[in-house]
Amino acid sequence: MVTSQPGPAPSPADAGRGGEVDVVVLGLGPGGEDAAGRLAEAGLRVLAVDHNLVGGECPYWGCVPTKMMTRAAGALAEAGRVAGLAGTVGDVVPDWSPVARRIREVATDDWDDRVAVERLQGKGARVVHGHGRLVGRGQVEVDGTRWTARRGVVVATGSAPAVPPVEGIGDVDYWTNHGFVEARELPSSLLVLGGGAIGCELAQVAARFGVRVAVVEKAPRLLPPEEPRSSELARSALEADGVQVWTGVGAVAVEAEGPGGAVKVRLEDGQVLSAERLLVAIGRRIDVVAAGLDSVGVDPKARAVPVDEWCRVTDGVWALGDLLGQGAFTHMSMFEADVVVRDVLGQGGAPATFHAVPRVTFLDPEIGAVGLAEEAARERYPRVRVGTVDVPSVSRGWIHGPGNAGFITVVEDADRGVLVGATSAGPAGGEVLGLLALAVHAQVPVTTLLSMPYAYPTFHRGIESALRALA
């Protein structure tokens, strides 16, 4: 049943009979919520629809709570480095309870979206909790109730955790990131299927809180889209925390081993691994049919929704966020939401471009990247130069001491003399990435980057060394 929150009436019709509005926004994750709020503030009648929590994955199960986890896990690791820097400390005893409490009470309001709903209502949008889908241009159904959108429909229905086609997986009690984030207690052992950013981050967190952890990644290396050296760094970081890592081998069967989620997993090479808990973190999937985008011609089996430079699927239908396949990141949905809002309002400005997508894997060390990795750049450009510097050889890295593993790599299209990709791995690697992301996005000439001063002693000063190493 659709439950409507108080808000400005979109038409004389009530929620049960539908009606007409200017814009319907389907999906209220970060990008959808932002688009709905801004369009309402601009004076449009906006119906904002989501069957789940307003705010979406990021504040409740993604970025915010998981980075609280990595912050806590990092504090444990730093405590262990005191002996090499500042003296001695007593035994450090991990305790998950303050982390779980902070996630529940501070980050998520115990998974209650009342504040987010009221924030969106305050901007003038009408919020409806229900299952909405596009049924044609300008037409939306919310749990069977038909709405007409005069100006158009913004589809931002996001993605869900993908589940591998492994024998028996439907018969066991496994976690996705939701189960991990909501856990009041951690298991004694954890088997992670998937060595991407989510799998690696949660594996390191669990290991630092005393959990016996194994990671299984079917691809030849962890973090497959990134530089091979990033994969090596991630593996060495996990193994240093006691995580067992299997790459180049997938799971073929899963079976329950006992009560409470305990499982046995058989790998392609015949090995059998067991753990108290199974975490599935192989990536995300979109559902074109559930969103109703097939009603306007999108392939029902599409793994990404094709759009033009204004995120238009067709006239009067826009899509943003995970649906576009340009990175399942909050910052990309917000970036795309800005493009959509400006287009709906006819404000013009810059269209969407995706040559400089930044991303960070929040391991210790952080692994940030933007644009193309070297291999992808060599497939696209005839002449590529690459420069690399190790963080421990940069003055700030040497000063930092324990915990300074990392590197900075820059990838240049030599014919144009601009960077097309970069990686910043190490302490504050995601923050150092900022300058590199700007350079790739704005296509700043390498000669210009080499003509500017870099503050000393900083981690970002290593960018200058990497640029000078271009060869």
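Conventions and cut-offs
Residues numbered from 1 in each chain as written. Predicted model: local features only at pLDDT ≥ 70, side-chain atom pairs only at ≥ 80, totals over all residues. Heavy atoms only, no water. Helix = DSSP H or I, 4+ residues; strand = E, 2+ residues; numbered from the N terminus. Rg over C-alpha atoms; globule rule 2.2 N^0.38 Å. Buried < 20%, exposed > 50% of the residue type's maximum accessible area, 1.4 Å probe, protein only. Contact = heavy atoms within 4.5 Å. Areas by Shrake-Rupley, 256 points an atom, 1.4 Å probe, with all protein chains shown as cover. Lys, Arg positive; Asp, Glu negative; His and termini not counted. Charge placed at Lys NZ, Arg CZ, Asp CG, Glu CD. Pairing = 2+ DSSP bridges. Axes fitted to C-alpha atoms, helices over the stretch in contact; angles between N-to-C directions. Phe/Tyr/Trp six-rings, centres within 6.5 Å; stacked < 30°, edge-to-face > 60°. Expected span 1.5 Å × (residues − 1). Arc of directions from axis to C-beta. Salt bridge = Lys/Arg side-chain N within 4 Å of Asp/Glu carboxyl O. Polar contact = N/O pair within 3.5 Å; in protein donor to acceptor, adjacent residues only side chain to side chain. Disulfide = S-S within 2.5 Å.

(A) Main features of the overall build of the protein chain. A count of helical and extended segments in the protein chain gives 15 helices and 23 strands. Its C-alpha atoms give the protein chain a radius of gyration of 24 Å, near enough to 23 Å, the size a compact globule of 471 residues would have. By its C-alpha atoms, the protein chain is 70 × 60 × 45 Å across when sized along the principal axes. Looking at the protein chain as a whole, 52% of its 471 residues qualify as buried. The contacts in the protein chain between residues at least 6 apart in sequence include a share of 63% that link residues at least 24 apart. Approximately 20400 Å² of the protein chain is accessible, and the part contributed by carbon and sulfur atoms is 50%. Taken together, the 43 basic and 57 acidic charged side chains of the protein chain have centroids lying 3 Å from each other.

(B) Broad picture of the sheet that holds strand E11 (residues 244–247). If you walk across this open sheet you meet the four strands as E11-E10-E9-E15, and the pairing is parallel. Looking at the sheet topology across the chains shown, the edges are occupied by E11 and strand E15 (277–280). When strand polarity is set aside, the average angle formed by the axes of neighbouring strands in this sheet is 15 degrees. Relative to E11, strand E10 (residues 212–217) runs parallel, the two being bridged by four bridges. Bridge pairing links alanine 214 to glutamine 244 in E11. In the packing of helix H7 (residues 197–208) onto the sheet, the strands contacted are strand E9 (189–193), E10 and E15, and the crossing angle to E10 comes to about 165 degrees.

(C) Inspection of the environment of glutamate 167 at higher detail. By the element assignment, glutamate 167 lies in the loop between strand E8 (160–161) and helix H6 (177–182). Measuring from C-alpha to C-alpha, the distance between glutamate 167 and cysteine 311 comes to 38 Å, with 144 residues separating the pair along the chain.

(D) Fine view of the sheet that holds strand E22 (residues 407–413). One open sheet holds the five strands; their spatial order is E19-E20-E23-E22-E21, and the pairing between them is antiparallel. Looking at the sheet topology across the chains shown, the edges are occupied by strand E19 (358–361) and strand E21 (384–390). When the angles between neighbouring strand axes are averaged without regard to direction, this sheet yields 10 degrees. Here E21 runs beside E22; their pairing, made up of seven bridges, is antiparallel. Paired with arginine 385 across the strands is glutamate 412, a residue of E22.

(E) Focus on the pairing of E19. Burial along E19 is one-sided: Arg359 and Thr361 are buried, and none of Pro358 and Val360, which face the opposite way, are. Connecting E19 to the antiparallel partner strand E20 (residues 366–371) that follows it, the hairpin turn spans four residues.

(F) Inspection of the packing of aromatic side chains at higher detail. Here the structure, examined in full by the defined rule, presents five aromatic pairs. Centroid distance tryptophan 175 to phenylalanine 180: 5.8 Å. Interplanar angle 65 degrees. Geometry classified as edge-to-face. Exposure remark for phenylalanine 180: the relative accessible area of 0% places this residue in the buried category. Grouped by ring-pair contacts, the aromatic residues Trp96, Trp175, Phe180 and Phe209 constitute a single cluster.

(G) Region of interest: helix H8 (residues 228–240). The terminal C-alpha atoms of H8 lie 18 Å apart, and with 13 residues this matches the ideal 18 Å at 1.5 Å per residue to within 8%. Along H8, the residues that are buried comprise Ser230, Ser231, Leu233, Ala234, Ala237 and Leu238. Each buried residue of H8 sits inside an arc of 165 degrees when the element is viewed along its axis, so together they form one side. Exposed and facing more than 90 degrees away from the buried side of H8 are Glu232 and Ala240. On the buried face of H8, the contacting elements are H7, E11, E20, E22 and strand E23 (418–426). Note on H8: the residue one or two positions beyond its end, glycine 242, has a positive phi of about 90 degrees.

(H) Representation of the side chain of glutamate 336 within the structure. With respect to the helices and strands, the residue glutamate 336 is situated in helix H10 (residues 330–344). Although glutamate 336 is buried, it forms no salt bridge, and the closest oppositely charged side chain is arginine 342 at an N-O distance of 12 Å. Within the local environment of glutamate 336, its side chain forms a polar contact with the backbone nitrogen of glycine 321, the two atoms lying 2.6 Å apart. In this view, glutamate 336 contacts Cys311, Leu320, Gly321, Leu324, Gln326 and Phe354; residues no more than four positions away in its chain are not counted.

(I) Quick peek at helix H1 (residues 30–41). For H1, with twelve residues, the first-to-last C-alpha span of 16 Å sits near the 16 Å given by 1.5 Å per residue. Buried residues dominate H1, accounting for nine of its twelve residues. Looking only at H1, the buried set comprises Gly31, Gly32, Glu33, Asp34, Ala35, Ala36, Gly37, Leu39 and Ala40. Looking at the packing, one finds that the buried side of H1 touches strand E2 (19–26), strand E3 (46–50), helix H5 (114–122) and H10. The first or second residue beyond H1 is glycine 43, which carries a positive phi of 100 degrees.

(J) The environment of glycine 62, seen in detail. With respect to the element layout, glycine 62 can be found in the loop between helix H2 (57–60) and helix H3 (63–81). With relative accessibility at 15%, the residue glycine 62 sits in the buried group. Distance from glycine 62 to valine 181, taken between C-alpha atoms, is 8.2 Å for residues 119 residues apart in sequence.

(K) Just the state of the cysteines, in detail. What the rule picks out here adds up to zero disulfides. Unpaired in terms of disulfides, cysteine 58 finds its nearest cysteine sulfur in cysteine 63, a separation of 3.0 Å. In this structure cysteine 311 is a free cysteine whose sulfur lies 19 Å from that of cysteine 58, the closest cysteine sulfur available. Given a relative accessible area of 1%, cysteine 311 falls into the buried group.

In short, shape yes, function no, at least from these values alone.
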